[in-house]
Amino acid sequence: MTKKEIVKTISEECGLTQLKTKEIVQKTFEAIIDTLVTEGRIELRNFGVFEVKKRAARKARNPRSGERVDVPEKFVVTFKPGKEMEERVLLLQEQSAQAAQQSSDPQNSAAEQSAPQQPQLNPPPAPQAPPISPTENSQPTNSPTHTQPSNSYPPPGG
């Protein structure tokens, strides 16, 4: 969601113009930033806590060249969600797990079709290919750990 979408939603809910709502939202964001710069912390009850912390200098590695790089210390903004936010996100996680369980249970398929559909917030996991049986995998690979399956079986009784 973008700031423009937030402004549109709030203006529709409160009956204000989008221009006035945009000004209010922008002033709110500026107040949060100003408080972080001057005080280093802002606590919004039931939402969360923004805090400025100093990240120590460290040595990193350039992923392209592998060269070691010195990263200087810097200030970063951290966010710890409030109780209400964590509870609502946890509820979302539980609903997602229940939906996954219902979709894997064939007895519930008729019940799912008659029940109203809830909008899905997380995309379903990608389908997995069935495992390849040893007889289907007859092409040798260049991998040193790969062993070619043998078509001979041990003699009976042994």
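What you see as residue numbers is a count from 1 along each chain, following the sequence as written. In keeping with the predicted nature of the model, local features appear solely for residues at pLDDT of at least 70, side-chain atom pairs appear and are counted solely at 80 or more, and the whole-chain, interface and lining totals rest on all residues. Just so you know, side-chain values use all the structure's heavy atoms and leave hydrogens and water out.

Attention now moves to the packing of helix 1 (residues 3–14) against helix 2 (residues 18–39). Between two packed helices, both the angle of their axes relative to each other and the distance between the axes serve to describe the pair. As a packed pair, helix 1 and helix 2 sit with axes 9 Å apart at the nearest point and diverge in direction by 120 degrees. Between helix 1 and helix 2, the angle is such that the two are oblique. Relative to helix 2, the crossing made by helix 1 is right-handed. Here Lys3, Val7, Lys8, Ile10 and Ser11 of helix 1 come into contact with helix 2, specifically with Gln18, Thr21, Lys22, Val25, Gln26 and Phe29. Simply put, an axis is a line fit to the C-alpha atoms, just over the touching stretch for a helix, and the angle between two N-to-C directions goes from 0 to 180 degrees. Each helix is a run of H or I in the DSSP string that is no shorter than four residues. Each strand is a run of E no shorter than two, and both are numbered from the N terminus. Angles below 35 degrees are treated as roughly parallel, those above 145 as roughly antiparallel, those between 65 and 115 as roughly perpendicular, and all remaining angles as oblique. By definition, any crossing whose near helix is turned counterclockwise from its far helix by less than a right angle is left-handed, and any crossing with a clockwise turn is right-handed. The criterion used for residue contact is that any of the two residues' heavy atoms lie within 4.5 Å.

Our next topic: the confidence of the model for the protein chain. The predictor rates its confidence in each residue with pLDDT, a number between 0 and 100. Taken as a whole, the protein chain shows an average pLDDT of 80; of its residues, 66% reach a score of 70 or greater. Scored below 50 in pLDDT, residues 133–147 makes ten contacts in the model with residues more than four places away or belonging to other chains.

To continue, consider a positive patch on the surface. A grouping of Lys3, Lys4, Lys8 and Lys22 is seen on the molecular surface, where their side chains present a positively charged patch. Of the residues forming the positive patch, the biggest block, three residues, is contributed by helix 1. Three exposure classes are used, based on accessible area relative to the maximum for each residue type with a 1.4 Å probe and protein chains only: buried under 20%, partly exposed in between, and exposed over 50%. Owing to a relative accessible area of 68%, Lys4 belongs among the exposed residues under this scheme. The patches described consist of residues with a relative accessible area above 30% and no salt bridge, like charges being joined within 9 Å and nonpolar side chains (Val, Leu, Ile, Met, Phe, Trp, Tyr) within 5 Å. A 1.4 Å probe and the Shrake-Rupley method give the accessible areas. Residues count as covered only by the protein chains that appear here. Counted as salt bridges are all cases of a side-chain nitrogen of Lys or Arg within 4 Å of a carboxyl oxygen of Asp or Glu. This count recognises Lys and Arg as positive and Asp and Glu as negative, with His and chain-terminal groups excluded. Positions of charges follow a simple convention, taking NZ of Lys, CZ of Arg, CG of Asp or CD of Glu.

On to the layout of surface pockets, then. Counted as a void, the second largest pocket has a volume near 310 Å³. Lining the second largest pocket are 13 residues, with Ile6, Ile10, Val25, Phe29 and Phe47 sitting closest to its centre. At the level of elements, helix 1 and helix 2 are the ones that each hand at least two residues to the lining of the second largest pocket. Each residue receives one of three labels: charged for Asp, Glu, Lys and Arg, nonpolar for Ala, Val, Leu, Ile, Met, Phe, Trp, Tyr, Cys and Pro, and polar for the others, Gly being one of them. Per-class residue counts for the lining of the second largest pocket are ten nonpolar, three polar and no charged. Cavity means a closed set of points on a 1 Å grid over the protein atoms alone, one where a 1.4 Å probe fits but cannot get out, pocket means an open set with protein on both sides within 12 Å along at least 5 of 7 lines, and lining means a residue has an atom within 4 Å of a point. Grid points are joined across faces, edges and corners, and a volume is the space filled by probe spheres set on the points.

Once that is clear, we can look at helix 2. Helix span, expected: 1.5 Å multiplied by one less than the number of residues in the helix. Look at helix 2: 31 Å from first C-alpha to last across 22 residues, which is about the 32 Å you get at 1.5 Å a residue. Every buried residue of helix 2 is accounted for by Thr21, Val25, Ile32, Thr35 and Leu36. On an axial view of helix 2, the arc spanned by its buried residues comes to 105 degrees, and they lie on one face. Exposed and oriented more than 90 degrees from the buried face of helix 2 are Leu19, Lys27, Ile33, Val37 and Thr38. In the core, the buried residues of helix 2 are packed alongside helix 1, strand 1 (41–44), strand 2 (48–55) and strand 5 (74–81). One or two residues past the end of helix 2 sits Gly40, with phi positive at roughly 80 degrees. Note that the arc is computed from the directions linking the helix axis to the C-beta atoms.

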